[in-house]
Amino acid sequence: MNCTSCKNGALFPSFIDGQFRAHTCSNCGGNWILIEDYIAWKEQNPDYQFSDNISFEESDATDSKQALLCPKSGAIMRKFKISAGNEHRLDYSAAVGGIWLDKGEWELLKSEGLAGSLNSVVTQSWQRNIRQQTTKQSLTELYQTKFGNEGYSKVKQMREWLSAQENKADLRAYLLADDPYSAER
């Protein structure tokens, strides 16, 4: 197989951290991993813990921005975010169940504590959770900008208090009324 990323290297059989099968590019150092190999290894080694206390610099991992083709099927691979706090994306081939890791992305996964969850990263539920976390963070930043940090903190406390009240609908109506002491609308 030829490298899907640099297009100059050949993929040769290897092992990630000496643990499970992969194919590594002779030129760019990227890795092609079949999810079935990863899962089979995990099932045989259920207690294995990847070290996540490694020193990692953001610049150590490359991230191919262009669409990559699956080295086996030739189909375009999808890009999947690894977490809400990291912009790196893994390339996944649904056609064969393979993941392309650019050079340094395995170390990034270990530093993020995600090496033991590689198969989960490409699931809909994982990606949905990332979108929800990203949306929540964006809205938090928007509210902090609009209200200021102190105002946002106070309105969050008020919201928590209001949610705990039995008569919250009446309290909201009182708060939203232009004149809560008028019979007119």
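Here, every reference points to the structure presented above.
Being a predicted model, the structure only gives us computed values, none of them experimental.

Basis of the calculations
Residues numbered from 1 in each chain as written. Predicted model: local features only at pLDDT ≥ 70, side-chain atom pairs only at ≥ 80, totals over all residues. Heavy atoms only, no water. Axes fitted to C-alpha atoms, helices over the stretch in contact; angles between N-to-C directions. Helix = DSSP H or I, 4+ residues; strand = E, 2+ residues; numbered from the N terminus. Parallel < 35°, antiparallel > 145°, perpendicular 65-115°, else oblique. Contact = heavy atoms within 4.5 Å. Nonpolar A, V, L, I, M, F, W, Y, C, P; charged D, E, K, R; others polar. Patch = residues over 30% accessible without salt bridge, like charges linked within 9 Å, V, L, I, M, F, W, Y side chains within 5 Å. Areas by Shrake-Rupley, 256 points an atom, 1.4 Å probe, with all protein chains shown as cover. Salt bridge = Lys/Arg side-chain N within 4 Å of Asp/Glu carboxyl O. Buried < 20%, exposed > 50% of the residue type's maximum accessible area, 1.4 Å probe, protein only. Core = buried A, V, L, I, M, F, W, Y, C linked by side-chain atoms within 4.5 Å. Phe/Tyr/Trp six-rings, centres within 6.5 Å; stacked < 30°, edge-to-face > 60°.

1. Description of the packing of helix α4 (residues 124-163) against helix α5 (residues 168-176)
Logical step 1: Relative to each other, α4 and α5 sit at 140 degrees, their axes nearing to 9 Å. As judged from the angle between their axes, α4 and α5 are oblique. Here W161, L162 and S163 of α4 come into contact with α5, specifically with K168, L171 and R172.
Logical step 2: Its residues assigned to classes, the contact of α4 with α5 comprises three nonpolar, one polar and two charged.

2. Structural notes on a nonpolar patch on the surface
Logical step 1: On the surface, a nonpolar cluster with roughly 510 Å² of combined accessible area is contributed by L139, L142, Y143, F147, V155 and M158.
Logical step 2: Its location among the elements puts L139 in helix α4.
Logical step 3: Of the residues examined, L139 reaches a relative accessible area of 36% and is grouped as partly exposed.

3. Some words on the nonpolar core
Logical step 1: If you look at the biggest cluster of nonpolar residues, it comprises 23 residues, and the most contacted ones within it are F20, I33, L90, I99, W106, L109 and L118.
Logical step 2: If you list the elements that add at least two residues to this core, you get β2 (20-25), α1 (35-44), β4 (78-83), β5 (86-93), β6 (98-101), α2 (105-111) and α3 (118-121).
Logical step 3: F20 has contacts with S14, F15, I33, D37, Y38, W41, F50 and W106, leaving out every residue within four places of it along the chain.
Logical step 4: Judged by nonpolar contacts, the second largest core, of nine residues, contains L11, C25, L68 and C70.

4. Some details on the packing of aromatic side chains
Logical step 1: According to the stated counting rule, one finds 11 aromatic pairs in the structure shown.
Logical step 2: The interplanar angle of 85 degrees and the centroid separation of 5.2 Å between the aromatic rings of F50 and W106 together place this pair among those described as edge-to-face. On the criterion of sequence distance, the pair formed by F50 in the loop between α1 and β4 and W106 in helix α2 is long-range, its members being 56 residues apart. Taken as a pair, F50 and W106 share a single burial class, namely buried.

So, to be careful, I would describe these as geometric facts and stop short of saying anything about function.
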